[in-house]
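# Descriptive analysis of the structure
Below are the chains, spelled out letter by letter.
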Amino acid sequence: MYLETANVVKQYANHLALNNVSIQVPRGTVFGLLGPNGAGKTTLIRIITRITAPDSGEVKIDGRPSKAEDVYRIGYLPEERGLYKKMKVGEQAMYLAQLRGLSKKEAHRELMIWFKRFDIMGWYNRKVEELSKGMQQKVQFISTVIHNPDLLIFDEPFSGFDPVNADIVKREVLRLRDEGKTIILSTHNMESVEELCDNIALIHQSQVVLQGKVFAIRKEHRPNIFRFRLMGNEFDLEHPSFTLLSKEPYHEFIDLRIQKQGDISSNDLVRLILARYEVVSYDEELPTMNDVFIRTVTR
Amino acid sequence: MNRLGLVIQREYITRVRKKSFIILTLLMPLLMVALSLVPLWLSTLNDGSVKNVAVIDNTGIYAPLLQSTDAYQFQVIGGSGQQEPESRLGKDLFAILQITEDLNQNPRAVSLTSQKQAPQELQSMIVRTLNEKVTQQKLDDLSSSGNVDREAITQVRSIVEEGSKVSLRTLRLDSGGSVSESSTELATVIGMLFTILIYMFILMYGNMVMQAVLEEKKSRIVEVMVSSVKPVNLLLGKVVGIGLVGITQLIIWAILMGFFFSGLSFFIASPGQMDTAMPAQMSSFDMEGIMNTVMSVNWLEIGFYFILFFIGGYILYASIFAMFASAVDSDEDTSQFMTPVTLIIVFAFLAGFYSVNNPDGPLAFWASLVPFSSPIVMMVRIPFGIPLWEKLLSIVLLYGTFILISIIAAKIYRVGILMYGKKPSIKEMVKWIKYK
């Protein structure tokens with residue numbers, strides 16, 4: 001485990017923001033931190049980045065309790081992010097890079113690489129207020145990763161980007177992971193969770209209600225719905241071990257969605273149908289992360 | 001460079017480079033010079049009538065030397081027996097010059113009493129005459145001592161080089177019959193000048209700190225910042241950086257004033273040039289007198305206390321401004337918290353204004369000890385000369401308070417900058433202090 005939080009509790013004046021939150025983030029993976037608005041994600045991130053302190057519990061980095069210097073091994077892109085409007089883009093990026101511990105020379109060298117990579121070299125001497133929102137997002141992204149941190153925390157990194165630029169950022173996230181960085185991604189965009197994340201934790205009402213590998217979670221939440229494509233145009237089998245959800249003819253086939261009932265195994269279910277019909281294809285429906293999210297949160 | 005240093009550097013450089021800062025810094029001294037010199041110049045304008053000055057010279061040495069001019073008629077009056085000359089002041093007498101002792105022994109034994117402020121022109125004429133005589137007296141003493149040797153020659157050299165420093169006390173007789181030393185007028189002007197300066201700086205730079213905190217909150221950069229800089233350092237960097245901008249402005253002003261006055265003394269040192277440079281009616285504008293007065297003030301002491309009170313007052317109010325700015329999200333919301341603070345500052349300024357008339361009264365005394373008004377009010381009183389313990393107590397109280405307030409402010413700031421949405425109540429802000 002690269003990062004762990006153990007029983008973190010945080011109480012604000014009128015509400016409990018985090019209630020015994022423990023998450024485990026393996027090294028070199030993308031970890032999705034999910035949850036509805038106000039669930040406590042931002043509070044947890046602020047505790048990991050040492051912006052605030054927990055009332056109890058602890059944060060471990062690399063197996064030992066995190067200390068003040070760890071801040072400089074973390075790159076954090078907050079959801080509420082901005083830039084000094086009156087500053088020039090280059091100066092601003094230099095300033096943020098130096099604040100994150102780079103020397104002037106290193107900061108300049110790294111900036112040149114990143115500005116070229118994101119194709120914003122021409123903006124170096126322009127004022128921030130002249131930039132479009134997407135441009136500003138690029139500058140913010142660069143200033144998050146410039147000091148080559150081991151742990152990256154992105155809170156809604158794709159908001160404000162058009163699809164082309166969002167894709168650039170996605171590629172960068174995967175590239176950083178392949179370099180061995182550990183990444184925490186907090187987002188409401190479930191498609192990108194399926195696309196990028198290896199593990200997730202779902203926080204709801206200040207508690208972790210779901211945690212694990214993305215694929216395992218989807219499997220665990222499968223609704224036992226199977227899709228069959230059969231030869232012929234009729235299906236009239238009835239059996240207590242399944243209910244028919246829909247049937248639709250398709251050319252010379254018929255497509256079924258059936259939900260398994262009771263203790264019958266998938267194999268027996270298939271065998272049951274195979275005995276009477278010719279099965280062209282069959283698969284089990286896996287829920288999207290969106291389904292899992294909604295089902296868990298509204299339960 | 002460490003992070004605090006970087007924050008200070010950014011806050012400082014972005015402000016010093018602004019056009020508005022440069023323009024204000026260069027124009028302000030011109031305005032101040034004009035404001036302070038015009039009344040002085042007006043007061044020295046001659047109204048054309050001949051003024052009578054009574055001379056009471058107990059020694060009899062100096063009276064015959066005073067030459068009447070077109071504007072002033074000197075009349076020698078015997079020591080006693082006659083009608084008290086004070087009663088004639090303002091009628092046929094303009095001023096009374098009183099010499100009580102040999103000025104060679106006691107250079108302060110001379111005073112000039114008048115109802116109106118004695119013109120610089122008259123003062124410097126008297127001082128010049130008396131100084132010449134005293135120098136002569138000293139040289140006479142030396143030659144009458146007989147043996148003129150090597151040591152005596154060095155003494156002569158130093159006498160001539162130093163000149164003599166007869167100090168003329170100017171007294172004013174007001175209509176109530178009481179006499180006050182009129183150098184208080186200068187003290188008043190200086191006191192007011194520094195009070196206005198400190199008042200202006202606290203408001204202006206306190207507001208600048210507030211705007212800086214609010215700017216970071218509004219532009220949402222603050223969370224980016226605190227992920228690499230501790231909130232305390234962010235606040236400290238802001239207060240120090242902006243304070244340094246203020247100090248830079250003060251230093252530039254001091255240098256500009258220095259240039260101005262040394263330029264002035266250059267003109268005075270070469271009178272021929274001045275005569276041609278100035279129109280005829282301005283020749284009565286006695287630069288030398290003004291210069292002497294200006295130079296006689298203990299600028300070092302006043303400057304020293306000014307810096308101390310400036311730093312204390314600025315940090316105290318900057319912390320308060322920053323504390324409230326951190327708790328709100330928009331300019332409109334600041335007014336609820338800012339109005340009471342601004343009122344306190346304005347109250348302090350008014351207290352300072354009234355303390356000028358009575359620098360040792362209870363209002364002046366208490367207002368110069370209470371930390372929230374002391375930086376402003378104390379600057380009025382210092383030029384009048386007040387006991388050291390009062391100054392020290394005031395500074396200790398001020399510095400103690402600002403340390404306490406800035407610790408509280410830092411705690412509230414740390415929570416406030418990350419809070420968006422609802423405007424917090426004072427009660428909620430007190431709770432924030434206890435957050436981990």
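Parameters and conventions
- Residues numbered from 1 in each chain as written.
- Chains lettered and ligands numbered in written order.
- Predicted model: local features only at pLDDT ≥ 70, side-chain atom pairs only at ≥ 80, totals over all residues.
- Heavy atoms only, no water.
- Helix = DSSP H or I, 4+ residues; strand = E, 2+ residues; numbered from the N terminus.
- Rg over C-alpha atoms; globule rule 2.2 N^0.38 Å.
- Buried < 20%, exposed > 50% of the residue type's maximum accessible area, 1.4 Å probe, protein only.
- Core = buried A, V, L, I, M, F, W, Y, C linked by side-chain atoms within 4.5 Å.
- Contact = heavy atoms within 4.5 Å.
- Pairing = 2+ DSSP bridges.
- Axes fitted to C-alpha atoms, helices over the stretch in contact; angles between N-to-C directions.
- Buried area = accessible area lost by both parts, 1.4 Å probe.
- Salt bridge = Lys/Arg side-chain N within 4 Å of Asp/Glu carboxyl O.
- pLDDT = per-residue confidence, 0-100.
- Phe/Tyr/Trp six-rings, centres within 6.5 Å; stacked < 30°, edge-to-face > 60°.
- Lys NZ or Arg CZ within 6 Å of the ring centre and 35° of its normal.

So, about the overall build of chain A. Per the secondary structure count, chain A includes nine helices and 14 strands. Relative to a compact globule of 299 residues, whose C-alpha radius of gyration would be 19 Å, chain A shows 24 Å and is clearly more extended. Along the longest, intermediate and shortest principal axes, the C-alpha atoms of chain A span 75 × 45 × 35 Å. With 299 residues in all, chain A has 51% of them scored as buried.

Ranked by internal contacts, the top residues of the largest apolar core, which has 152 residues, are L3, F154 and I184 of chain A together with M225 and F309 of chain B. Setting aside chain neighbours within four positions, we find F154 of chain A in contact with L77, F141, T144, V145, V173, L176, I183, I184, L185 and S186 of chain A.

Strand pairs in the sheet, formed through backbone hydrogen bonds, run parallel or antiparallel to each other. Residue and element names in this part refer to chain A. Ordered by their spatial adjacency, six strands build an open sheet running β6-β7-β8-β3-β9-β10, and the pairing between neighbours is mixed. Each edge of the open sheet carries a strand with a single partner, namely β6 (74-77) and β10 (207-213). Between one strand axis and the next, the sheet turns by 15° as a mean value, whatever way the strands run. Examined bridge by bridge, strand β7 (residues 151-155) and strand β8 (residues 182-186) share five bridges and lie parallel to one another. Looking across to β8, one finds that L151 is bridged to T182. Its contacts with the sheet put helix α9 (residues 289-298) on β3 (30-34), β9 (199-204) and β10, and the angle it makes with β9 is roughly 30°.

Bringing the interface of chain A and chain B into the picture now. The interface of chain A with chain B comprises 29 residues on the first partner and 23 residues on the second. The contact between chain A and chain B buries some 2,700 Å² in all, and 57% of this surface belongs to carbon and sulfur atoms. The largest share of the area that chain A buries against chain B comes from E80, Y84 and L99 of chain A, three residues that together contribute 25% of it. For the pair chain A and chain B, the interface holds three salt bridges. Here R17 of chain B makes a salt bridge to E91 of chain A, at a shortest N to O gap of 3.4 Å.

Interpretation of the predicted coordinates at a detailed level should be avoided for regions scoring low in pLDDT. This prediction gives chain A a mean pLDDT of 90; 100% of its residues lie at or above 70. Here helix α8 (residues 266-274) of chain A is the element of chain A with the lowest mean pLDDT, 87, and β8 of chain A is the one with the highest, 95.

All right, on to the packing of aromatic side chains then. On inspection of all chains with the given rule, the structure shows 23 aromatic pairs over all chains. Centroid distance F310 of chain B to Y314 of chain B: 6.2 Å. Interplanar angle 10°. Geometry classified as stacked. Here F310 of chain B pairs with Y314 of chain B, and both are found in helix α10 (residues 299-327), just four residues apart, close to one helical turn. Of the residues examined, F310 of chain B reaches a relative accessible area of 3% and is grouped as buried. By way of ring pairs, the aromatic residues F194, F201, Y205, W253, F306, F310 and Y314 of chain B are connected into one cluster. The positively charged end of R3 of chain B is found above the aromatic ring belonging to Y72 of chain A, 3.5 Å away from the centroid. One residue, K51 of chain B, lies across the ring of F94 of chain B, its end atom 5.4 Å from the ring centre.

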